[in-house]
Amino acid sequence: MESPNVATNTKQEEPQIQSTTNVLKFIIYSLIGSFMFFIPITINGVSSIPIDHIVTWIKVTLPSAVPIYALIVILLGAVYPFISKTWSKDKVSIVFSLLKVLGAVVAILIYFKIGPEWLMAPSMGPFLFEKLVIPVGLVVPLGAIFLALLIGYGLLEFLGVLMQPIMRPIFKTPGRSAVDMVADLAGSYSIGMLITNRLYKEGKYTLKEAAIIATGFSTVSATFMIVVAKTLGLMDLWSLFFWVSLGITYLVTAITVRIWPLNKMSDEYYSDNADPEEVIKEGLFRNAWNSAMVGANNSVSLGRNLWENLKDGFLMTMSILPSILSVGLISLVLAEYTPIFNLLGYLFYPFTWALQIPEPFLAAKASAIGIAEMFLPALLVVDAPLVTKFIIAVVSVSSILFFSATIPCILSTEIPISITKLIVIWFERTLITLIITAPIAILLL
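Residues numbered from 1 in each chain as written. Predicted model: local features only at pLDDT ≥ 70, side-chain atom pairs only at ≥ 80, totals over all residues. Heavy atoms only, no water.

*Asks:* Explain helix α12 (residues 207–216) to me, please; I cannot follow it from the model alone.
*Replies:* Here α12 lies mainly inside the structure; 10 of its 10 residues are buried. The complete set of buried residues in α12 reads Leu207, Lys208, Glu209, Ala210, Ala211, Ile212, Ile213, Ala214, Thr215 and Gly216. (Buried < 20%, exposed > 50% of the residue type's maximum accessible area, 1.4 Å probe, protein only. Helix = DSSP H or I, 4+ residues; strand = E, 2+ residues; numbered from the N terminus.)

*Asks:* Where do I start with helix α15 (residues 284–297) in this structure?
*Replies:* In a regular helix each residue adds 1.5 Å, so 14 residues correspond to 20 Å; α15 covers 20 Å between its end C-alpha atoms and thus fits that length. Residues Asn287, Ala288, Asn290, Ser291, Ala292, Met293, Val294, Gly295 and Ala296 constitute the buried set of α15. (Expected span 1.5 Å × (residues − 1).)

*Asks:* Is there a simple way to think about the nonpolar core in this case?
*Replies:* As a rule of thumb, nonpolar side chains are buried together in soluble globular proteins. If you look at the biggest cluster of nonpolar residues, it comprises 141 residues, and the most contacted ones within it are Phe129, Leu150, Phe241 and Leu325. For this core, the element with the most residues is helix α7 (residues 125–151), which contributes 17 residues. Once residues within four sequence positions are removed from consideration, Leu325 is found in contact with Ile74, Gly103, Val106, Ala107, Ile110, Leu128, Phe129 and Val133. (Core = buried A, V, L, I, M, F, W, Y, C linked by side-chain atoms within 4.5 Å. Contact = heavy atoms within 4.5 Å.)

*Asks:* When you look at the packing of helix α14 (residues 238–256) against helix α22 (residues 419–444) in this model, what are you seeing that I'm missing?
*Replies:* Two packed helices can be described by the angle between their axes and the distance between those axes. Close contact between α14 and α22 brings their axes to 10 Å; oriented N to C, the two are set at 140°. Relative to α22, α14 is oriented oblique. In this structure, α14 meets α22 at a crossing whose hand is right-handed. Counting all contacts with α14, which are made through Leu240, Ile248, Thr249, Leu251, Val252, Thr253, Ile255 and Thr256, the residues of α22 involved are Glu428, Arg429, Ile432, Thr433, Ile436, Thr437, Ile440 and Leu444. A breakdown of the residues in the contact of α14 with α22 according to their chemical character gives 9 nonpolar, 5 polar and 2 charged. (Axes fitted to C-alpha atoms, helices over the stretch in contact; angles between N-to-C directions. Parallel < 35°, antiparallel > 145°, perpendicular 65-115°, else oblique. Left-handed = near helix turned anticlockwise from the far one by under 90°. Nonpolar A, V, L, I, M, F, W, Y, C, P; charged D, E, K, R; others polar.)

*Asks:* It is not clear to me how the side chain of Ser97 should be interpreted in this structure. Could you clarify?
*Replies:* Positionally, Ser97 belongs in helix α5 (residues 91–111). A relative accessible area of 4% means that Ser97 is categorised as buried. Among residues more than four places away in sequence, those in contact with Ser97 are Pro81, Phe82 and Trp87.

*Asks:* Is there a simple way to think about the packing of aromatic side chains in this case?
*Replies:* Each aromatic ring pair is described using two quantities: the centre-to-centre distance and the angle formed by the ring planes. If you walk through the whole model with that rule in mind, you get 18 aromatic pairs. A ring pair is formed by Phe171 and Tyr250, whose centres lie 6.3 Å apart and whose planes are at 75°; its orientation type is edge-to-face. Of this pair, Phe171 sits in helix α9 (residues 164–171) while Tyr250 is found in helix α14, placing the two residues 79 residues apart along the sequence. With respect to class, Phe171 is no different from Tyr250; both count as buried. In textbook terms, an aromatic cluster arises when at least three aromatic residues are bridged by ring pairs, as seen for Trp238, Phe241, Phe242, Trp243 and Phe390. (Phe/Tyr/Trp six-rings, centres within 6.5 Å; stacked < 30°, edge-to-face > 60°.)

*Asks:* What is the right way to read a nonpolar patch on the surface from this model?
*Replies:* Nonpolar side chains collect at one region of the surface, where Leu24, Ile27, Ile28, Leu31 and Ile32 lie side by side and expose about 430 Å² of accessible area between them. Topologically, Ile27 is positioned in helix α2 (residues 20–38). Judged by its relative accessible area of 37%, Ile27 is partly exposed. (Patch = residues over 30% accessible without salt bridge, like charges linked within 9 Å, V, L, I, M, F, W, Y side chains within 5 Å. Areas by Shrake-Rupley, 256 points an atom, 1.4 Å probe, with all protein chains shown as cover. Salt bridge = Lys/Arg side-chain N within 4 Å of Asp/Glu carboxyl O.)

*Asks:* Teacher, can you tell me more about the pattern of salt bridges here?
*Replies:* Pairing between side chains of opposite charge can happen when their charged atoms approach one another. The full count for this structure, using the stated rule, is 8 salt bridges. Measuring nitrogen to oxygen at the nearest pair gives 3.6 Å for the salt bridge that ties Lys204 to Asp275. Here Lys204 is found in the loop between α11 (189–201) and α12, whereas its partner Asp275 is found in the loop between α14 and α15, with 71 residues between them in sequence. Among the ionic contacts, a cluster of salt bridges with common partners joins Arg198, Glu202, Lys204, Asp275, Arg304, Glu308 and Asp312.

*Asks:* Looking at this structure, how should I read the environment of Val252?
*Replies:* Of note, Val252 is situated in helix α14. On the basis of relative accessibility, which here comes to 0%, the residue Val252 falls in the buried class. With 187 residues separating them along the chain, Val252 and Ala65 place their C-alpha atoms 41 Å apart. Aside from chain neighbours lying at most four places away, what touches Val252 is Ser398, Arg429, Ile432, Thr433 and Ile436.

*Asks:* What exactly am I supposed to notice about the packing of α11 against helix α16 (residues 302–337) here?
*Replies:* Direction vectors running N to C along α11 and α16 enclose 115°, while the axes themselves pass 11 Å from each other. In terms of orientation, α11 and α16 fall into the roughly perpendicular class. Along this stretch, α11 crosses α16, giving a crossing that reads as right-handed. For the pair formed by α11 and α16, the contact residues are Met193, Leu194, Asn197, Arg198 and Lys201 on the first element and Asn305, Glu308, Asn309, Asp312, Gly313 and Met316 on the second. Each residue belonging to the contact of α11 with α16 can be placed in one class, and the counts come to 3 nonpolar, 4 polar and 4 charged.

Structural data, given as structure tokens:
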């Protein structure tokens, strides 16, 4: 049976779809969406993508209202599973529903500054609330609005055909997943997760493809990489750090998709409305353009598209924020007050020692602590030798999965991947990154 968007059908419809209206919808909406997500601009000496600048403007303009907004979203997110009766769907739902309630309690204590001293320490509750909760709470619904322009009017189909020769052989994902890759890097993992979840629910990704994208492309943004580089004094090596981190992150993804658990995940679609990408082997640009015109022609109205994306984005924000606060806080408490990450460090110590990384146990502990929060490894190796700092900086980017944000984000989507598998993927990514990065750092530095 032929896919609904095969080239033969596209050719039959060509006279109808090659209209001025479809061309303008594709070009104008795609340019606006691409500009908002992918084009860094400098405002007040700060270079970032427009959506990030809007988030910054909102935070600066409404400094009192933003924390209240975040608190309200967290409270709504905590009660929503009980109102929608999804809290008892399975064991994971029960655990995370209770964690969301805990997140709501923590948010109230932090907002009203009535929490115990350990919670109100700058590196604990305030760090999570101000540096993670508020930015994510603003960027996800705001990003959802412009996401409607980015993926709703033909750009997804256009890139899907053009990028097939790269994405399918290397990452085993459709060409359209290139949109996720760029959105994660230029924007944030939360925006990328929003795109991945939406396309998975629309039948454009299989479960395996969605899992690969969520665990392999959801890097921290380039702006956060700058924060890591500044913290570790690596700005003099910024270009080297950026490109090595980027290259190794995607090389590790290409490796992990070929080993368990990702290689054994199901190829089933979310529902019966599967919309698999047609494999094109010749006439790439012509077929890409025709596919874009079909996408523009079949698109819903702008108002409906904006509303559906905003609704999805807000529901995801409600799900993410209380989880980030509770799971992130538990992880930070374990890192600060227990020896658990010292013990986990021994998992990596034989490798950091064999790879001749300076201060191998410190490097091993920093690698292990990354599963709690991606910024913690950098804080741990601030005074370490340059080679160690460089390696750990790359590890903090390439490992991707951590409990203060990306793991709760993934668990808040419709993508059914267990915590156990996420931890296994994190371990694989961290170990492979160490093995690849160490010789490069030792050679170049």
